[in-house]
Amino acid sequence: MRHVDPARDAAACAAIYAPYVEGTAMSFEEVAPDAARYAARMAATIERHPWLVLADGDGRPVGFAYASPHRTRAAYRWACEVGIYVDPMAQGVGGGRRLYEALIELLRRQRLRIAIAGITLPNDASVGLHRALGFEQYGLQPKIGWKAGAWRDISWWQLELAPPGKDPPAEPMGPQRLGG
């Protein structure tokens, strides 16, 4: 597991993500982004939020997990949204869970307080993973998006990374300041 390198990893991550866009309702995108668009997304994200890659024995990415801003207004800067995608051929052996656990640890070290995940339903595997990692469901948006021939629900999940305090919180750090 390692931090993403957009120039090195964008094509592989775009290839992992494409089947989720093209063949499932798990992503609400309708056109899978190419490697160039994926590299731009990575570059825009990694200054403030981590993006990790799970690589096989040859160093080829087989999964990735990332965080991104939850909202743009300043008061939300202690919250982030998270996502994870694993190549179907690499699923079921615990790599995705290790990847998400490493991401969550980085978010805690960055002094973020809340991680939020949106899950298109039905998706028992994703619900199970989030629940196992301590996320709690806090909301449901019924029939919010049209994908794959039907209206889809989004289930919203939240993980408290750090308890709220009474005093103003310390500013979040970017992942580059964590030294790893």
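Coordinates for the structure precede this section.
Note that the structure is predicted; figures quoted are calculated from it, not measured.

> In this structure, what is going on with the overall build of the protein chain? I would like to understand it.
Across its full length, the protein chain holds 4 helices and 7 strands. Counting only C-alpha atoms and orienting by the principal axes, one finds that the protein chain spans roughly 45 × 40 × 30 Å. The proportion of buried residues among the 180 residues of the protein chain is 44%. Sequence separation of 24 or more characterises 64% of the internal contacts of the protein chain that already satisfy a separation of 6 or more.

> Sorry if this is basic, but what is going on with the pairing of strand E2 (residues 51-55) here?
Remember that side chains alternate between the two faces of the sheet whenever the strand is regular. Most of E2 sits out of view: 4 of its 5 residues are buried. Pairing between strand E1 (residues 2-3) and E2: 2 bridges, direction antiparallel. Paired with His3 across the bridge in E2 is Leu52. Pairing analysis gives 5 bridges linking E2 to strand E3 (residues 61-69), with the strands arranged antiparallel. Looking across to E3, one finds that Leu52 is bridged to Ala65.

> Help me understand helix H3 (residues 95-109) in this model?
Note on helix geometry: an α-helix contains 3.6 residues per turn, so any two residues three or four positions apart are oriented the same way. Spanning 15 residues, H3 covers 21 Å between terminal C-alpha atoms, matching the ideal 21 Å at 1.5 Å per step. Gly95, Gly96, Leu99, Tyr100, Leu103, Ile104, Leu106 and Leu107 are the residues of H3 that are buried. Just downstream of H3 lies Arg111, where phi reads positive at about 70 degrees.

> Explanation requested: the pattern of salt bridges in the structure shown.
A side chain of one charge can pair with a side chain of the opposite charge when the charged atoms of the two come close. Counting across every chain of the model gives 6 salt bridges. The salt bridge partner of Arg2 is Asp9, with a shortest N-O separation of 2.6 Å. Note on Arg2: relative accessible area 19%, which makes it buried. Taking relative accessible area as the criterion, Asp9 reaches 0% and is therefore assigned buried.

Each value, and the rule that gives it
Note on numbering: residues in each chain are counted from 1, in written sequence order. Reporting of local features is limited, given that this is a predicted model, to residues whose pLDDT is at least 70; pairs of side-chain atoms are given and counted only at 80 or more, and all residues count toward the totals for whole chains, interfaces and linings. Excluded from the side-chain calculations are hydrogens and water; all other atoms, namely the structure's heavy atoms, are used. Strands are runs of DSSP state E lasting at least two residues, helices are runs of H or I lasting at least four, and both sets are numbered from the N terminus onward. For every residue, the accessible area obtained with a 1.4 Å probe (protein chains only) is divided by the maximum for its type, and the residue is called buried under 20%, exposed over 50%, and partly exposed between those limits. Whether two residues are in contact is decided by their heavy atoms, any of which lying within 4.5 Å being enough. Any two strands with at least two DSSP bridges between them are considered paired. Each residue after the first adds 1.5 Å to the expected span of a helix. Between Lys or Arg on one side and Asp or Glu on the other, a salt bridge is scored when a side-chain nitrogen of the former is within 4 Å of a carboxyl oxygen of the latter.

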